[in-house]
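# Structural description and commentary
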Amino acid sequence: MREEIKGLAGFLVAGLGAVAALLAWAPLARVNVEGGFEGLHRDLSVLYIDLPLVAAGGALVPLTFWLLTLRRFRRPWLAALAAVAAAALGIWALTSWWAPYQAPEFAH
């Protein structure tokens, strides 16, 4: 595989990882953007703090595994497999660990 194609594949892995992470994160953040009951608990900080971090993590985790595996084993198919596995594990960790703050609906 030529070097240009390997580099392009790395960027493709990073882009797909970022998109997949954002698509997995968006339903969890919807509560904060919409605000819950009558919009009382709106917290738009998820858009300017969490959204860039999720996108960067979704791009950098698979790209890092792609580069490390490609450097070590020099097999593009193995690097792609490692990148997909790292992205899936990262997205699973994100969706199971990260939960947006939700204030109680009715506080007495």
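Relevant structure appears above.
Scope of this entry: the structure provided in the associated data block. Just so it is clear, the structure is predicted and the values come from calculations on it, not from any experiment.

Reading the values: the criteria
Residues numbered from 1 in each chain as written. Predicted model: local features only at pLDDT ≥ 70, side-chain atom pairs only at ≥ 80, totals over all residues. Heavy atoms only, no water. 1 Å grid on protein atoms, 1.4 Å probe; cavity = no way out; pocket = protein on both sides within 12 Å on 5 of 7 lines; lining within 4 Å. Points joined across faces, edges and corners; volume = space filled by probe spheres on them. Helix = DSSP H or I, 4+ residues; strand = E, 2+ residues; numbered from the N terminus. Axes fitted to C-alpha atoms, helices over the stretch in contact; angles between N-to-C directions. Parallel < 35°, antiparallel > 145°, perpendicular 65-115°, else oblique. Left-handed = near helix turned anticlockwise from the far one by under 90°. Contact = heavy atoms within 4.5 Å. Buried < 20%, exposed > 50% of the residue type's maximum accessible area, 1.4 Å probe, protein only. Polar contact = N/O pair within 3.5 Å; in protein donor to acceptor, adjacent residues only side chain to side chain. Lys, Arg positive; Asp, Glu negative; His and termini not counted. Salt bridge = Lys/Arg side-chain N within 4 Å of Asp/Glu carboxyl O.

We now examine the layout of surface pockets. Considered as a void within the structure, the largest pocket measures approximately 160 Å³ in volume. Those elements that provide at least two residues to the lining of the largest pocket are α1 (3–34), α2 (45–73) and α3 (76–97). Here the lining of the largest pocket gets 6 residues from one element, more than from any other, and that element is α1.

Right, let's talk about the packing of α2 against α3 for a bit. It is the contact of α2 with α3, at a shortest axis distance of 8 Å, that shows an interaxial angle of 150°. In terms of axis orientation, α2 runs roughly antiparallel to α3. Once α2 is placed against α3, the crossing between them reads as right-handed. Note on element contacts: α3 touches α2 through Pro76, Leu78, Ala79, Ala80, Ala82, Ala83, Ala86, Ala87 and Leu94, opposite Val54, Val61, Pro62, Phe65, Trp66, Thr69, Leu70 and Phe73.

The subject of this paragraph is the side chain of Ser45. In this fold, Ser45 is placed in helix α2. Residue Ser45 is classed as buried on the basis of its relative accessible area of 18%. Within polar-contact distance, the side chain of Ser45 engages the side chain of Asp43 at 2.8 Å.

With that settled, consider the environment of Ile91. Relative to the assigned elements, Ile91 resides in helix α3. C-alpha of Ile91 to C-alpha of Ala24: the two residues are 67 residues apart in sequence and 7.0 Å apart in space. In contact with Ile91, not counting residues within four places along its chain, are Ala20, Ala21 and Ala24.

Moving on, we come to the side chain of Asp50. Within the secondary structure layout, Asp50 lies in helix α2. Put simply, Asp50 is tucked away with no salt bridge, and the nearest opposite charge, on Arg42, sits 14 Å away. Sequence-distant contacts of Asp50, defined by excluding residues within four places in its chain, comprise Trp25, Ser45 and Trp98.

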